[in-house]
Amino acid sequence: MTGQRKFFIKSYGCQMNAYDSHRMADMLAPAGFSETATAAEAEVVILNTCHIREKAAEKVYSELGRIRKLKEAAEREGRGMLVAVAGCVAQAEGREIIRRAPIVDLVFGPQSYHRLPELIARAAMEDGIVETEFPIEDKFDHLAAPSREAVRARGVSAFVTVQEGCDKFCTFCVVPYTRGAEISRPASKIVAEVEHLAAAGVREVTLIGQNVNAYHGEGADGRAWSLGRLLRRIALVPGIARLRYTTSHPRDVDEDLIAAHGELASLMPYLHLPVQSGSDRILAAMNRRHSRAEYLDIIDRLRRARADLAFSSDFIVGFPGETEADFKQTMTLIDQVAFAGAFSFKYSPRPGTPGAGLHDQVAEDVKAERLARLQDRIDDHQKRFNAGCLGLTFGVLFEKPGRHPGQLVGRSPYLQPVNVMAPAKHVGEVASVTISDIGANSLFGNLSSAKGPCYASIGT
Ligand code: 5AD
Ligand code: SF4
C-alpha cells in the first residue's frame with residue numbers, strides 16, 4: 001500500500017535496530033504512511049538510536065540539530081513535521097532528550113513500537129510524549145507482518161528477532177538497562193515469521209537477539225527450546241537455504257548448539273562470538289563469566305564439530321585497569337584464534353554501568369594507540385583469511401546486480417561480498433562459485449559446474 005503521508009526512519013547501531021526499524025515501517029504502512037528516503041519531505045521523522053557508546057549517542061543530537069532546520073523549513077511551508085526518537089537513547093534518556101532538543105515531539109523505547117500509529121496520533125495533539133515503560137504484554141503479538149512487497153524490497157536475506165534483552169550485566173554495557181531482562185519469543189511464532197518471509201522470497205535468515213544463544217522460548221512440545229533446537233526446526237522451513245544467528249555469548253554456547261553446527265548444512269560456518277579481551281583479569285573485571293582458556297576451548301569444540309568454521313569477534317580496548325600486559329594477552333588471543341574479522345572499540349564509560357565508576361580509567365591516547373595496533377592485527381588475519389579463499393568453491397547467495405553490467409553480487413558463507421558474472425535470474429539462488437581473485441573488500445569468482453555441497457574446508 002502506498003500512502004500519501006510520508007515517514008522517514010534513520011537507524012543507528014546494531015542489527016536489532018535495523019530489524020526494529022522495519023517493524024516500525026510495517027506498523028506505519030497499514031496506517032496510510034509510505035516510506036521516503038528524504039527526511040525533508042517526511043511528515044514523521046524517526047531516529048532509531050543506539051546508546052552503546054558515547055559517540056553513538058552524541059550522533060543523535062547532531063542529527064537532531066540538522067532536523068531542526070528541516071522542521072523549521074517545513075513549518076515555513078505550512079507543513080508539520082513530527083520528530084520522534086526511538087531506540088536505546090530514548091529508553092535511557094527519556095525526557096532529557098526533549099530538554100536538550102525541544103523539537104522532539106515523541107520519545108519512545110523499544111517496547112512500544114507496536115503502538116507507533118497511536119503514539120503519532122497522540123503526539124499531534126499533546127506536547128512532548130515520553131513512552132519508556134517495559135509493559136507486560138508481548139509487543140511481538142501486536143507487531144504487523146511485513147507485506148510481500150516490503151519483504152521483496154528488503155532483499156533475499158532477512159533478520160528475525162528471537163529474543164531481546166540481556167541478563168549478563170557485563171560491567172561496560174548499557175544493554176541490560178536499555179533493553180531490559182532477557183525474554184525469548186515462542187518457537188511457533190518465530191517459525192511462522194520465517195515461513196512468511198520464505199513464501200515472499202527470503203532465502204537466508206539471521207536469528208537475532210542481544211544474547212541470542214540464551215534463547216529459551218517455548219517450543220512446540222510446551223518445553224523450553226534451546227537455540228540449537230530452534231535452528232534445527234527452522235532449517236526445515238521450505239525455501240530457507242541459509243541460517244545464521246547473532247550475537248552470542250560464550251557462556252551460552254552449549255553442546256546442543258555445537259552439535260547443530262555439525263548437523264545443519266544450512267547453518268553457515270561463520271560465527272560472531274564476542275570475547276572483548278584476552279586477559280583473564282580484564283575478563284573478570286568485565287564480568288564476562290568466562291576465562292580465556294574457556295573461550296579457546298569453545299572455539300576448539302566448534303571447530304571439531306565443523307572444520308570450515310571461521311570466527312569474528314568484538315573487542316574493547318582500554319577497559320579500566322587494562323595494562324600493556326593485559327592488552328598483549330588480547331593480541332595473542334587474536335593470533336591463536338586467527339579471527340576472519342572483528343569489530344573493535346575504545347572503552348566508552350556509559351553512565352549507570354559499573355565500569356564507569358572505576359578509578360583506573362585508561363587515558364584516551366593509550367586507548368587510541370592500542371586500538372590501532374589491534375585493528376592492524378585483525379586486518380592481517382582478515383587478509384590472510386580472504387587470501388585463503390582463492391581457488392575454493394563455495395555457495396554464494398546472489399543478492400542483487402553488481403556494479404558492472406552482467407555482474408551479480410552475493411555473499412559467501414563467510415559474509416564476504418562476491419562479484420560474479422551471472423544472469424540476473426540467479427538473484428535469490430545459492431550458486432556454486434569458484435573464487436578467482438581477491439579484492440580489497442570483496443572477492444571475485446566464476447559460476448562453477450561443481451555439484452554437491454559447496455563448502456570447501458578453510459584451514460586456519
Ligand atoms: N564501550 C566500548 N564498547 C562497548 N561495547 C559495548 N559497550 C561498550 C562500551 N561501553 C561493544 C562490545 C559489544 C559491542 C556490541 O559493543 O564489544 O560486544
Ligand atoms: Fe551487553 Fe554483555 Fe549483555 Fe552483550 S552479554 S548485551 S555485552 S551485557
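Residues numbered from 1 in each chain as written. Chains lettered and ligands numbered in written order. Predicted model: local features only at pLDDT ≥ 70, side-chain atom pairs only at ≥ 80, totals over all residues. Heavy atoms only, no water.

Draft legend 1. Fine view of helix H10 (residues 227–234). Buried residues of H10: Leu227, Gly228, Leu230, Leu231 and Ile234, and no others. Angular distribution of buried residues about the axis of H10 spans 160°; they occupy a single face of the element. Summarising the contacts, the buried residues of H10 are in contact with helix H9 (187–199), strand S10 (204–208), strand S11 (242–246) and helix H11 (255–263). (Buried < 20%, exposed > 50% of the residue type's maximum accessible area, 1.4 Å probe, protein only. Helix = DSSP H or I, 4+ residues; strand = E, 2+ residues; numbered from the N terminus. Arc of directions from axis to C-beta. Contact = heavy atoms within 4.5 Å.)

Draft legend 2. Examining the domain arrangement of the protein more closely. Per the domain assignment, the segments making up the protein are domain 1 (5–131), domain 2 (139–388) and domain 3 (393–447). Its C-alpha centre places domain 1 at a distance of 28 Å from the equivalent point of domain 2. Counting residues at the interface gives 23 residues for domain 1 and 29 residues for domain 2. Both faces considered, domain 1 and domain 2 share a buried interface measuring about 2,400 Å² in area, 59% of it formed by carbon and sulfur atoms. Applying the counting criterion to the domain 1 and domain 2 interface returns two salt bridges. Between aspartate 26 and arginine 154 there is a salt bridge, with its nearest N and O atoms 3.0 Å apart. (Domains from an automatic or database assignment. Buried area = accessible area lost by both parts, 1.4 Å probe. Salt bridge = Lys/Arg side-chain N within 4 Å of Asp/Glu carboxyl O.)

Draft legend 3. Local environment of the sheet that holds strand S3 (residues 44–49). The strand order across the open sheet formed by six strands is S2-S1-S3-S4-S5-S6, and the pairing between neighbours is parallel. Looking at strand neighbours, the two that pair on one side only are strand S2 (33–35) and strand S6 (129–131), the edges of this open sheet. Sheet twist, expressed as the average angle between the axes of neighbouring strands with direction ignored, equals 20°. In the packing of helix H1 (residues 15–28) onto the sheet, the strands contacted are strand S1 (5–11), S2, S3, strand S4 (82–86) and strand S5 (106–108), and the crossing angle to S1 comes to about 170°. The strands touched by helix H2 (residues 54–76) within the sheet are S1, S3 and S4, with S3 carrying the most contacts at an inclination of about 175°. (Pairing = 2+ DSSP bridges. Axes fitted to C-alpha atoms, helices over the stretch in contact; angles between N-to-C directions.)

Draft legend 4. How the structure looks around the packing of aromatic side chains. Under the definition given, this model contains eight aromatic pairs. Arranged with centres 5.6 Å apart and planes meeting at 85°, the rings of phenylalanine 315 and phenylalanine 339 form a pair that is edge-to-face. Residue phenylalanine 315 is found in strand S13 (residues 310–317), and its partner phenylalanine 339 is found in the loop between helix H14 (324–337) and strand S14 (341–346); the two are separated by 24 residues along the sequence. Considered together, phenylalanine 315 and phenylalanine 339 belong to a single accessibility category, that of buried residues. (Phe/Tyr/Trp six-rings, centres within 6.5 Å; stacked < 30°, edge-to-face > 60°.)

Draft legend 5. Layout of the state of the cysteines. Per the counting criterion, the structure on display carries zero disulfides. Left without a disulfide partner, cysteine 14 is nearest to the cysteine sulfur of cysteine 50, which lies 6.2 Å away. Judged by its relative accessible area of 41%, cysteine 14 falls in the partly exposed class. (Disulfide = S-S within 2.5 Å.)

Draft legend 6. Molecular detail of the site of ligand 1. Residues in close proximity to ligand 1 include Ile52, Arg53, Phe172, Gln276, Asp314, Ile316, Phe345, Lys346, Tyr347, Ser348 and Arg350, which together make up its full environment. Note that a nitrogen atom of ligand 1 is positioned 2.9 Å from one of the backbone N or O atoms of phenylalanine 172. Separating an oxygen atom of ligand 1 from a side-chain N or O atom of aspartate 314 is a distance of 2.6 Å. Every element with two or more residues in the shell around ligand 1 is listed here: S13 and S14. Looking at the shell around ligand 1 residue by residue, the classes come out as five nonpolar, two polar and four charged. (Near = heavy atom within 4 Å. Polar contact = N/O pair within 3.5 Å; in protein donor to acceptor, adjacent residues only side chain to side chain. Nonpolar A, V, L, I, M, F, W, Y, C, P; charged D, E, K, R; others polar.)

Draft legend 7. Spatial organisation of the pairing of S10. Most of S10 sits inside the fold, with five of its five residues counted as buried. Alternating residues of S10 divide into Glu204, Thr206 and Ile208 and Val205 and Leu207, and every residue in both groups is buried. As judged from the five bridges shared by strand S7 (residues 157–161) and S10, these two strands associate in the parallel manner. Bridge assignment links threonine 161 to a residue of S10, and that residue is isoleucine 208. One crossover worth recording links S10 to the parallel S11 by way of H10, and it is right-handed. (Right-handed = clockwise from strand over helix to strand, strands pointing away.)

Draft legend 8. View of the side chain of aspartate 252. Here aspartate 252 shows up in the loop between S11 and H11. Here aspartate 252 falls in the buried class, since its relative accessible area comes to 19%. For aspartate 252, the residues in contact, after removing those within four places along its chain, are Lys168, Asn211, Asn213, Ala214 and Leu257.

Draft legend 9. Structural view of the packing of H10 against H11. Two elements in contact, H10 and H11, have axes separated by 7 Å at closest approach and are oriented at 25°. Judged by the angle between their axes, H10 and H11 are roughly parallel. Contacts between H10 and H11 involve Leu227, Gly228, Arg229, Leu231 and Arg232 on the former and, on the latter, Asp256, Leu257, Ala259, Ala260 and Glu263. Here the contact of H10 with H11 is built from residues that sort into five nonpolar, one polar and four charged. (Parallel < 35°, antiparallel > 145°, perpendicular 65-115°, else oblique.)

Draft legend 10. Local environment of unusual backbone geometry. Threonine 247 follows threonine 246 through a cis peptide bond whose omega is 5°. Along the chain, threonine 247 falls in the loop between S11 and H11. Positive phi outside glycine occurs at phenylalanine 169, with the angle close to 55°. Structurally, phenylalanine 169 is set in the loop between strand S8 (163–164) and helix H8 (175–178). For phenylalanine 169, a relative accessible area of 35% gives the class partly exposed. One non-glycine residue with positive phi stands out, namely arginine 289, at about 65°. Residue position: arginine 289 is located in the loop between helix H12 (280–285) and helix H13 (292–305). Given a relative accessible area of 36%, arginine 289 falls into the partly exposed group.

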